[in-house]
Each structure stands twice: as structure tokens, then as C-alpha cells.
There are 2 protein chains.
Amino acid sequence: MGNHQEDAKVFKALCDPKRLAILEQLRSGEKCACVLQEPMDLTQSGLSYHMKILCDSGIVVSRQEGKWTHYRLSASGGAWAMERLRAILTPDTEQEDRCPSCGR
Amino acid sequence: MGNHQEDAKVFKALCDPKRLAILEQLRSGEKCACVLQEPMDLTQSGLSYHMKILCDSGIVVSRQEGKWTHYRLSASGGAWAMERLRAILTPDTEQEDRCPSCGR
DNA sequence: ACCTCACATCAAAAGTTTTTGATGTGATCA
DNA sequence: TGATCACATCAAAAACTTTTGATGTGAGGT
């Protein structure tokens with residue numbers, strides 16, 4: 001089953017403390033890059049690097065407005081990530097501790 | 001809020017394709033190290049390295065039985081990971097797109 | 001007591017991600 | 001048109017993770 005490479009990409013987006021701090025800022029609504037950068041220990045290009053990873057994973061989407069780029073959480077990307085996590089961590093009840101031949 | 005370092009640790013466990021393949025094997029029940037290693041492109045010490053990361057994250061637990069180490073998914077570790085993911089990706093409804101002064 | 005087996009730990013090498021500073025691009029404004 | 005602003009991209013360096021092979025450890029068997 002499973003496309004591990006693709007799933008790994010979603011979780012890779014979530015495994016850096018700076019990206020988690022960015023996501024936390026986005027929970028309260030859409031923000032533009034300069035607003036996101038301000039409270040963080042990140043250069044402009046550093047923020048841009050992390051935003052690309054977040055957008056590529058599907059959990060964040062961006063929107064251009066003139067010179068500004070606005071970022072926000074993607075409801076569908078988030079739902080997908082949660083569904084994948086559930087699938088990965090949920091035991092396969094079809095065969096939990098049963099004899100493979102008689103099924104008991 | 002949030003302890004980003006601690007959350008990152010859980011997602012770090014999930015962001016490697018080999019660890020996702022190990023978790024997939026564990027969905028069908030407890031397995032010992034040698035059984036987990038067999039179908040994978042991993043040396044003995046390589047498996048041991050990944051198992052340590054999975055156990056340290058809390059999503060897998062181990063049990064000794066004589067010379068063997070058995071690993072299985074931790075229900076509580078999994079529930080915690082899912083809860084953290086939900087918390088991180090769910091918009092903060094207290095202030096979604098409202099005027100900060102009047103709340104409308 | 002000694003040997004072997006199953007696994008953990010270690011240190012060095014190989015591979016990957018992140019940071020940094022410089023440069024590129026496209027929108028806006030004078 | 002030319003300057004500036006907001007952000008993206010690039011390449012090199014720094015920081016981290018993973019792999020590898022060697023060695024350590026503790027349980028069992030003889």
C-alpha cells in the first residue's frame with residue numbers, strides 16, 4: 001500500500017519548529033509574508049524557503065495581491081494530512097493477532 | 001502556545017519513507033526486530049536506529065522477551081500525534097477574519 | 001565458564017536540509 | 001522610464017540526519 005514518499009513530504013513540512021511556528025501564526029487567519037517574517041528569527045529568503053515547503057506539501061495555500069503574497073491554511077490539505085496520519089497509525093483490524101490460516 | 005520542538009519530534013518520526021514502511025508492517029500487529037528487518041533494505045544497526053526514533057517519538061513501544069525485542073504501535077502515542085496534528089492545522093475560530101476591535 | 005544470538009551503541013562517511021548572502025523578477029509608483 | 005518594494009531563486013556554507021561497519025551488552029544454551 002501507501003505512497004511513503006508522498007506521505008513523508010506532508011510530514012516533512014511539519015517536522016521543523018520554525019514551520020510549526022509559521023503554521024501557528026496562520027491559525028488566526030491569512031497573513032502576508034512580511035507579517036509572518038517579523039516575529040520570527042528568519043531572513044526574507046529563509047521565510048520564502050519554508051513557505052515553499054509548506055505550500056508544496058498542500059497544507060498551506062498562497063494568493064497574490066499586487067506585490068504581496070498572502071498565505072493561509074488549506075482546509076483540504078489539512079484534512080488530507082489528518083486522514084493520512086490516521087491511516088498510518090491505525091491498526092489493521094482485519095488480522096489482529098489471529099492465526100493466518102483459520103482466522104481465530 | 002505549543003512546544004514546537006516536541007511536536008517536531010513526533011512528525012520527524014513520520015517523515016522518513018523507511019520509517020513509514022516499518023509503521024505499515026506494525027499495523028498488522030506486534031513484530032520483532034528481525035521480522036521487521038527482513039523485507040526491508042536496512043542493516044541490523046540501521047533498523048535499530050530507526051526503531052529508536054520511532055520509540056522516542058512515542059508512536060511505537062517495545063517489549064523485551066528473552067533475546068528478542070518486540071515492537072508495536074502505541075494507541076496512546078498515536079492518539080497524541082493525531083491530536084497534535086489537529087491542533088496545529090485547525091484554524092483558531094476565536095478570531096477568524098473578524099475586526100480585532102469590534103469582533104464582527 | 002564459554003559461546004552464540006539478537007539487538008544497541010558508536011564513530012566516521014555519505015547524504016540531505018537549512019541558512020546565508022547575492023542576484024533575479026514582476027508589480028507599483030514617481 | 002527608472003526607482004523601489006515584496007518576494008523568489010540561486011549557489012555555497014553550515015547544520016543536521018542517515019548509513020555503514022565495528023564493537024559492546026545481556027540473555028540463553030552447552
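Residues numbered from 1 in each chain as written. Chains lettered and ligands numbered in written order. Predicted model: local features only at pLDDT ≥ 70, side-chain atom pairs only at ≥ 80, totals over all residues. Heavy atoms only, no water.

Caption draft 1: Region of the structure containing the interface of chain B and chain A. With 32 residues of chain B at the interface, the matching set in chain A holds 32 residues. Of the roughly 3000 Å² buried at the junction of chain B and chain A (both faces included), carbon and sulfur atoms supply 69%. When the buried surface of chain B facing chain A is broken down by residue, His4, Arg27 and Leu89 of chain B rank first, second and third, together holding 23% of it. Linking chain B with chain A are 0 salt bridges. Our count for the chain B to chain A interface comes out at 8 residue pairs in polar contact (both at pLDDT 80 or more). Going through the elements one at a time, α1 (4-13), α2 (17-26) and α5 (75-89) of chain B are the ones with two or more residues in the side of chain B that touches chain A. (Contact = heavy atoms within 4.5 Å. Buried area = accessible area lost by both parts, 1.4 Å probe. Salt bridge = Lys/Arg side-chain N within 4 Å of Asp/Glu carboxyl O. Polar contact = N/O pair within 3.5 Å; in protein donor to acceptor, adjacent residues only side chain to side chain. Helix = DSSP H or I, 4+ residues; strand = E, 2+ residues; numbered from the N terminus.)

Caption draft 2: Structural context of the sheet that holds strand β1 (residues 31-32) of chain A. All names here are of chain A. The sheet built from 3 strands is open, its strands ordered β1-β3-β2 with antiparallel pairing. What marks the edges here is a single partner per strand, and that holds for β1 and β2 (60-65). Taken together, the 2 bridges between β1 and strand β3 (residues 68-73) define a ladder with antiparallel strand orientation. Across the sheet, residue Cys32 finds its bridge partner in β3, namely His70. Seen against the sheet, helix α2 (residues 17-26) touches β1, β2 and β3 and runs at an angle of roughly 90° to β3. (Pairing = 2+ DSSP bridges. Axes fitted to C-alpha atoms, helices over the stretch in contact; angles between N-to-C directions.)

Caption draft 3: Layout of the relation of the copies chain B and chain A. Superposition of chain B onto chain A requires a rotation of 180° combined with a translation of 0.0 Å along the rotation axis, giving an RMSD of 0.1 Å. This pairing of chains is accounted for by a two-fold axis. It is Phe11 of chain B whose C-alpha, among those of chain B, lies nearest the rotation axis, at 2.8 Å. Most of the interface of chain B is mirrored in chain A: 100% of its interface residues are interface residues there too. (Least-squares fit on C-alpha atoms with pLDDT ≥ 70 in both.)

Caption draft 4: Just helix α4 (residues 44-57) of chain B, in detail. Residues and elements named next belong to chain B. In a regular helix each residue adds 1.5 Å, so 14 residues correspond to 20 Å; α4 covers 20 Å between its end C-alpha atoms and thus fits that length. Buried within α4 we find Gly46, Leu47, His50, Met51, Leu54 and Ser57. Here the buried residues of α4 occupy an arc of 130° about the axis, which is enough to place them on one side. In α4, the exposed positions angled more than 90 degrees off the buried face are occupied by Gln44, Ser45, Tyr49 and Lys52. Tucked into the core, α4 has its buried residues touching α1, α2, α3 (33-37), β2 (60-65) and β3 (68-73). Gly58, located one to two residues past α4, shows a positive phi value of around 95°. (Expected span 1.5 Å × (residues − 1). Buried < 20%, exposed > 50% of the residue type's maximum accessible area, 1.4 Å probe, protein only. Arc of directions from axis to C-beta.)

Caption draft 5: Broad picture of the nonpolar core. Counting residues in hydrophobic clusters, the biggest one holds 50 residues, and the most contacted among them are Leu14, Leu23 and Ile59 of chain A together with Leu14, Leu23 and Ile59 of chain B. Discounting residues that sit within four places of it in the chain, Leu23 of chain B has contacts with Ile88 and Leu89 of chain A together with Leu14, Leu54, Ile59, Val60 and Leu73 of chain B. (Core = buried A, V, L, I, M, F, W, Y, C linked by side-chain atoms within 4.5 Å.)

Caption draft 6: Geometry of the pairing of β2 of chain B. All names here are of chain B. Of the strand pairs in this sheet, β2 and β3 are connected by 6 bridges, and their pairing is antiparallel. Within the sheet, the bridge partner assigned to Gln64 lies in β3 and is Thr69. The loop that links β2 with its antiparallel partner β3 comprises 2 residues; one of these, Gly66, has a positive phi angle of about 60°.

Caption draft 7: Seen up close, the packing of helix α1 (residues 4-13) of chain A against helix α5 (residues 75-89) of chain A. Residues and elements named next belong to chain A. Relative to each other, α1 and α5 sit at 115°, their axes nearing to 11 Å. Here α1 and α5 pass one another in a crossing that is left-handed. For the pair formed by α1 and α5, the contact residues are Asp7, Val10 and Phe11 on the first element and Trp80, Ala81, Arg84, Leu85 and Ile88 on the second. Residue classes in the contact of α1 with α5 are distributed as 6 nonpolar, no polar and 2 charged. (Left-handed = near helix turned anticlockwise from the far one by under 90°. Nonpolar A, V, L, I, M, F, W, Y, C, P; charged D, E, K, R; others polar.)

Caption draft 8: Region of interest: the sheet that holds β2 of chain B. All names here are of chain B. One open sheet holds the 3 strands; their spatial order is β1-β3-β2, and the pairing between them is antiparallel. This sheet does not close on itself; its edge strands, each paired only once, are β1 (31-32) and β2. Here α2 sits on the sheet and contacts β1, β2 and β3; the angle it forms with β3, its principal contact strand, is near 90°.

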